[in-house]
Amino acid sequence: MSIEIVNVSKRFGDFVALDNVSVSIPSGQLTALLGPSGGGKSTLLRIIAGLETADSGRIEIEGVDATKLSPQKRNVGFVFQHYAAFKHLSVARNVAFGLEIRKRPKDEIRERVHELLNLVHLSQFADRLPSQLSGGQRQRMALARALAVQPTVLLLDEPFGALDAKVRKELRDWLRRLHDEVHVTTVFVTHDQEEALEVADEIVVINEGRVEQIGSPDELYDAPANDFVMRFLGPVTELGDRLVRPHDLQLLTGGEPDAVPGRITRVTRVGFEIRVVVAVGEQPVTVTLTRNEFLSLDLQVGSEVQVRVAPEVAATVGQPRLLGAV
Ligand SMILES: Nc1ncnc2c1ncn2[C@@H]1O[C@H](COP(=O)(O)OP(=O)(O)OP(=O)(O)O)[C@@H](O)[C@H]1O
């Protein structure tokens, strides 16, 4: 394990930001700290970096007890949402900064900066000032700068949070590819479940200062430990007392023993999918279908239908869990 977080607690006054958190972060992987705003993700990341101290508990980095080490001694790279570059220095000098203060030989610095700018696809912008870069390019420069000193771990706090949706998505793909090239142990904070599911090898779900679940994207999505994780990771709907994903439900026009009857009250097209709301008794149940599935059923608002959990889903992930079960 690269980072061991053991029984870490942190209060701000009376407020408990982290409540006895323990997490093992594996070497060489991309781990996301995912959860709603205010849940404690950034606080945990800052404690790993040494920018904040825990009230109790221990942090180990690569087998070394780092709990009392200064940030400089932990050998971590850090990138924030709003990256503070040296405005008067070129992109190349910004990337070189950490190596210059470590007094590395000039040739070595030149070579390393060249390599890093290639890695983040900014070679042609080496001589520009940070103000002449786009937001996405600036964050790539920040990553190159953090990687320059060959950190043991790279810590990213919502690194793409301030960028627009399209650039975010591009940088997400880019981060994944970059990580596949350099394999540095990386921990990144996000409140965006899609970002975590797409990019991370492992996800730690944090809510109200506690770890709700740790697992791969598939494990979390297919076998959420509780209702909070299930709701946070994707859309849900209730069928009777079951909490299920809308795309795991089926609409049938004929009767089946495991289906319940209802009437369609609303049909909405959202991109490539059709969202159908069915009143099952008093309960509105949301079912999502592909456009073709929906068209082949020849249904409209007012149609009588049957709803059931798709049999292959019920077979692979077992019975949907009871509402409120933990
Ligand atoms: N220096 C501080 N002083 C007082 N309260 C703080 C301080 N830092 C964080 N908090 C509080 O601790 C809680 C957790 O904050 P944290 O930034 O870790 O959450 P988060 O999960 O990263 O959320 P976000 O995505 O909004 O940053 C919040 O309620 C926040 O207000």
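Residues numbered from 1 in each chain as written. Predicted model: local features only at pLDDT ≥ 70, side-chain atom pairs only at ≥ 80, totals over all residues. Heavy atoms only, no water.

> Give me the lowdown on helix 1 (residues 41-49), citing residues and values where you can.
Owing to its 3.6 residues per turn, the α-helix brings residues three or four apart onto one side. By the criterion of burial, helix 1 is predominantly enclosed, with seven of the nine residues buried. Within the span of helix 1, buried status applies to Lys41, Thr43, Leu44, Leu45, Ile47, Ile48 and Ala49. Positive phi shows up at Gly50, right after helix 1, with a value of about 90°. (Buried < 20%, exposed > 50% of the residue type's maximum accessible area, 1.4 Å probe, protein only. Helix = DSSP H or I, 4+ residues; strand = E, 2+ residues; numbered from the N terminus.)

> Provide a residue-level description of the packing of aromatic side chains, including the pertinent values.
Taken as a whole and assessed by the stated rule, the structure comprises three aromatic pairs. Ring geometry for Phe78 against Phe80: centres 4.4 Å apart, planes inclined by 40°, an arrangement best described as tilted. With relative accessibility at 17%, the residue Phe78 sits in the buried group. A residue is classified by how much of its surface remains accessible, and Phe80, at 33% relative accessible area, is partly exposed. Ring centres of Phe86 and Phe97 lie 4.5 Å apart, and the angle between their planes is 45°; this geometry places the pair in the tilted category. One end of the pair, Phe86, is in the loop between strand 6 (76-79) and helix 2 (91-101); the other, Phe97, is in helix 2, and 11 residues separate them in sequence. (Phe/Tyr/Trp six-rings, centres within 6.5 Å; stacked < 30°, edge-to-face > 60°.)

> Let's hear about the sheet that holds strand 9 (residues 202-207): which residues, and what values?
Within a sheet, neighbouring strands are paired by backbone hydrogen bonds and run either parallel or antiparallel to one another. Taken together, six strands build an open sheet; the order of strands is 6-7-8-3-9-10 and the sheet is mixed. Only two strands of the sheet have a single neighbouring strand rather than two, namely strand 6 and strand 10 (210-215). Here the strands of the sheet are splayed against their neighbours by 15° on average, with no regard to which way each runs. The sheet contact formed by strand 7 (residues 153-157) and strand 8 (residues 185-190) spans five bridges and is parallel. Its bridge partner lying in strand 8, Leu155 is registered against Val187. (Pairing = 2+ DSSP bridges. Axes fitted to C-alpha atoms, helices over the stretch in contact; angles between N-to-C directions.)

> Can you explain the nonpolar core? Please cite residues and give values.
Counting 47 residues, the largest nonpolar core has Leu117, Leu175 and Ile203 as the members making the most contacts within it. Ranked by residues supplied to this core, first place goes to helix 4 (residues 135-148) with seven residues. Leu175 has contacts with Leu30, Leu143, Leu156, Phe160 and Val199, leaving out every residue within four places of it along the chain. (Core = buried A, V, L, I, M, F, W, Y, C linked by side-chain atoms within 4.5 Å. Contact = heavy atoms within 4.5 Å.)

> I'd like a rundown of helix 3 (residues 106-119), residues and numbers included.
When the terminal C-alpha atoms of helix 3 are compared, their 20 Å separation across 14 residues agrees well with the 20 Å that a helix rising 1.5 Å per residue should span. Where the residues of helix 3 are buried, they touch helix 2, helix 4 and helix 5 (165-182). His121 sits one or two positions beyond helix 3 and adopts a positive phi of about 55°. (Expected span 1.5 Å × (residues − 1).)

> Go over the side chain of Arg112, please, and point to the residues and values.
Mapping Arg112 onto the fold places it in helix 3. Judged by relative accessible area, Arg112 falls into the buried class, the value being 16%. Of the polar contacts made by the side chain of Arg112, one reaches the side chain of Glu115; its length is 3.1 Å. What Arg112 contacts, discounting residues up to four positions off in sequence, is Leu99, Leu147, Ala148 and Gln150. (Polar contact = N/O pair within 3.5 Å; in protein donor to acceptor, adjacent residues only side chain to side chain.)

As far as function goes, none of this settles anything; it's purely spatial.
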